[in-house]
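# Coordinate analysis (summary)
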Amino acid sequence: MTRRFVAALVVAIVPTLFEAITPAASAATACANLAALTIPGVSVRSAAAVAAGPFTPPGARQDMTVPAFCRVEAVARPTSDSEIKFEVWIPQAEAWNGKFEGVGNGGYSGAIGYPAMAAALRRGYATASTDTGHAGDDMKFAQGHPEKLIDWAYRSIHVMTEASKLVVRNHTGRFPERAYFNGCSSGGHQALSEAQRFPEDYDGIIAGDPAHNRIRQTFGFLHSWIATHHKDGTPILPPAKLPLLTKAVVEACDGLDGLRDGIIDDPRRCHFDPARLSCRAGSDESACLTAPQVEAARKMYEGVKNPRTGEQIFSGWPRGSEGFGDSPIQSWRQYVTEPPEPMRVGFFRYFLFHDPNWDWRTIDWDRDLAYAEQKLPFMSAVERDLSAFRKRGGKLLMYTGWADPVVPPQDTVAYYDAVAKAMGGLERTREFFRFFLAPGMGHCSGGPGPNQFDTLAALEQWVEKGAAPEKLVATHSTNGRVDRTRPLCLYPQVARWKGTGSTDEAANFSCVTEAPLNGVRRTTPGTR
Ligand SMILES: [Ca+2]
């Protein structure tokens with residue numbers, strides 16, 4: 001053995017020994033050493049201490065303010081075709097709360113969720129996020145790459161979670177005491193997938209507006225696009241007609257919950273018919289709906305049925321979600337009326353039929369749905385039996401917006417009802433899985449209803465202190481100023497004004513159980 005080689009060996013070993021004996025060693029030194037980690041199937045690309053202050057994530061236009069942390073960039077390759085990029089951020093020893101928070105993605109992602117990681121870090125969490133195994137939101141990534149589709153569907157979050165806990169352990173000298181997952185939209189899908197498939201990964205899971213009924217949701221998008229476009233692909237419902245609809249819906253149904261506050265508490269109780277906005281002969285067509293527009297809106301509310309069996313394939317979108325805000329995602333614009341082709345048509349072209357020229361006009365709602373559910377069942381996360389997650393002591397907190405224009409809340413309600421039925425009833429299910437609906441909230445945030453609330457704080461209390469959340473207090477802000485607070489009640493309870501005091505203050509509301517719905521279809525069958 002040459003002297004130089006021995007010297008190199010000593011240099012390589014000494015920091016490892018030093019770190020093992022004194023876990024509170026200089027964060028900068030220990031962080032850089034993480035580059036030499038040898039987790040099977042994982043390559044660490046870089047490990048470096050980041051100073052407190054402004055941090056500009058890759059690809060971002062704006063910087064974020066962060067506390068000092070150890071930044072680890074890594075790639076996981078569970079299969080030869082996998083390339084799952086992820087990052088692990090670990091606070092400095094004195095700032096670390098001893099816990100880990102995995103954060104979720106949006107859409108088909110292909111991007112690490114830096115803002116959510118920064119939020120976790122500021123709360124003292126070690127945190128991780130992944131690009132789910134490909135770059136960008138384009139669905140072509142899975143063309144000829146079935147393993148990459150599995151990585152996106154569920155594997156990336158799991159391998160990120162397992163590897164990240166090891167990275168945290170090797171940096172701090174101990175595994176996180178608790179692990180939480182927090183995601184909305186596709187992140188909500190990931191959250192439910194973790195509870196169903198990898199119950200050991202997380203002690204507590206937050207699933208927001210979950211797009212977990214993915215296959216049927218995609219059929220729902222296709223149906224909604226066809227319903228709102230002419231055969232030549234031109235839109236039937238122009239942008240200006242959407243707020244017109246919401247305004248009329250709210251006028252018609254706001255009072256059904258007993259309080260005229262601009263919010264429809266439960267859109268399932270609202271049966272507004274768009275024909276009430278029908279244009280009369282000679283009327284100004286900008287302020288009314290033409291016959292095709294009335295028909296398009298009706299189909300949006302009705303959802304898609306199997307023409308052979310009559311089965312409801314996927315629920316329609318709720319009344320009140322048509323156009324309640326200026327942003328395209330605060331209306332049907334982003335996912336339904338504005339895309340030049342059906343949203344997620346790539347599912348059919350690249351995932352299902354392997355036919356890049358597939359024409360949406362050829363859809364067979366019966367045969368093609370059966371084929372999709374047979375070929376790609378792993379794309380959805382609709383398992384109702386959560387007993388493994390319950391058994392390990394896991395806690396699951398789900399929420400959604402009653403005015404969500406992207407993921408219909410009726411489908412989320414249907415999933416919770418189905419789980420409650422499978423898991424021994426509502427009371428037994430609430431022991432580990434609680435659901436909160438936010439009236440007037442859009443997709444994950446925004447909307448006329450109170451839409452900001454701290455799910456992580458509630459989940460921490462539940463997991464760590466055994467204090468199960470009975471309600472969440474939500475706020476609504478205008479131009480950064482809170483102008484209304486309201487409790488979000490434990491499903492199926494609803495918030496009712498006590499009859500005195502301001503209707504803008506949560507303290508003046510109580511959570512009550514309402515009479516069950518009559519004659520209203522409550523569930524989307526076949527969510528499995
Ligand atoms: Ca109301």
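Now for a quick tour of the structure. From a predicted model like this one, the values you see are computed outputs, not experimental measurements.

### Things to note about the pattern of salt bridges
Counted by the stated rule, this structure contains 32 salt bridges. Linking Arg349 and Glu341 is a salt bridge whose minimum nitrogen-to-oxygen distance equals 2.8 Å. Through salt bridges with shared partners, one network takes in Asp265, Asp266, Arg268, Arg269, Arg496 and Glu514.

### A look at the pairing of strand 15 (residues 481-489)
Pairing of strand 14 (residues 471-478) with strand 15 involves eight bridges; the strand directions are antiparallel. In the sheet register, Thr478 faces strand 15, and the bridge partner there is Arg481.

### A short note on the packing of helix 4 (residues 146-172) against helix 5 (residues 186-197)
Geometry of a packed helix pair, given as the angle between the helix axes and the separation of the axes. Between helix 4 and helix 5, the least distance of the axes is 10 Å, while the angle of their chain directions is 75 degrees. Taken together, the axes of helix 4 and helix 5 lie roughly perpendicular to each other. In contact with Trp152, Ala153, Tyr154, Ile157, His158 and Thr161 of helix 4, helix 5 contributes His189, Gln190, Ser193, Glu194 and Arg197. Its residues placed into classes, the contact of helix 4 with helix 5 shows four nonpolar, five polar and two charged.

### Details of the state of the cysteines
Here the structure, examined in full by the defined rule, presents five disulfides. A disulfide bridge connects Cys489 with Cys511, and the sulfur atoms are separated by 2.1 Å. Handedness here is read from the sign of the S-S torsion; for Cys489 and Cys511, about -80 degrees, the answer is left-handed. In this pair, Cys489 sits in strand 15 while Cys511 sits in strand 17 (residues 509-512), placing the two residues 22 residues apart along the sequence. Residue class for Cys511 comes out partly exposed when judged on its relative accessible area of 23%. Regarding the disulfides, the protein carries the connectivity 1-2, 3-8, 4-5, 6-7, 9-10 under sequence-order numbering of its bonded cysteines.

### Section: the packing of aromatic side chains
Going through the model one piece at a time under the given rule, you end up with 31 aromatic pairs. When the centroid spacing of 6.4 Å and the interplanar angle of 75 degrees are considered together, the rings of Phe219 and Phe347 count as edge-to-face. Taken together, the residues span a long stretch of sequence, with Phe219 in helix 6 (residues 214-227) and Phe347 in helix 10 (residues 346-352) at a distance of 128 residues. Each residue in the set Tyr108, Phe141, Trp152, Phe219, Phe347, Phe348, Phe351, Phe353, Trp358, Trp365 and Tyr371 is aromatic and connected to the rest through ring pairs, giving one cluster. Between the NZ or CZ atom of Arg319 and the centre of the ring of Tyr301, over which it lies, the distance is 4.2 Å.

Thresholds applied
- Residues numbered from 1 in each chain as written.
- Predicted model: local features only at pLDDT ≥ 70, side-chain atom pairs only at ≥ 80, totals over all residues.
- Heavy atoms only, no water.
- Salt bridge = Lys/Arg side-chain N within 4 Å of Asp/Glu carboxyl O.
- Pairing = 2+ DSSP bridges.
- Helix = DSSP H or I, 4+ residues; strand = E, 2+ residues; numbered from the N terminus.
- Axes fitted to C-alpha atoms, helices over the stretch in contact; angles between N-to-C directions.
- Parallel < 35°, antiparallel > 145°, perpendicular 65-115°, else oblique.
- Contact = heavy atoms within 4.5 Å.
- Nonpolar A, V, L, I, M, F, W, Y, C, P; charged D, E, K, R; others polar.
- Disulfide = S-S within 2.5 Å.
- Buried < 20%, exposed > 50% of the residue type's maximum accessible area, 1.4 Å probe, protein only.
- Phe/Tyr/Trp six-rings, centres within 6.5 Å; stacked < 30°, edge-to-face > 60°.
- Lys NZ or Arg CZ within 6 Å of the ring centre and 35° of its normal.

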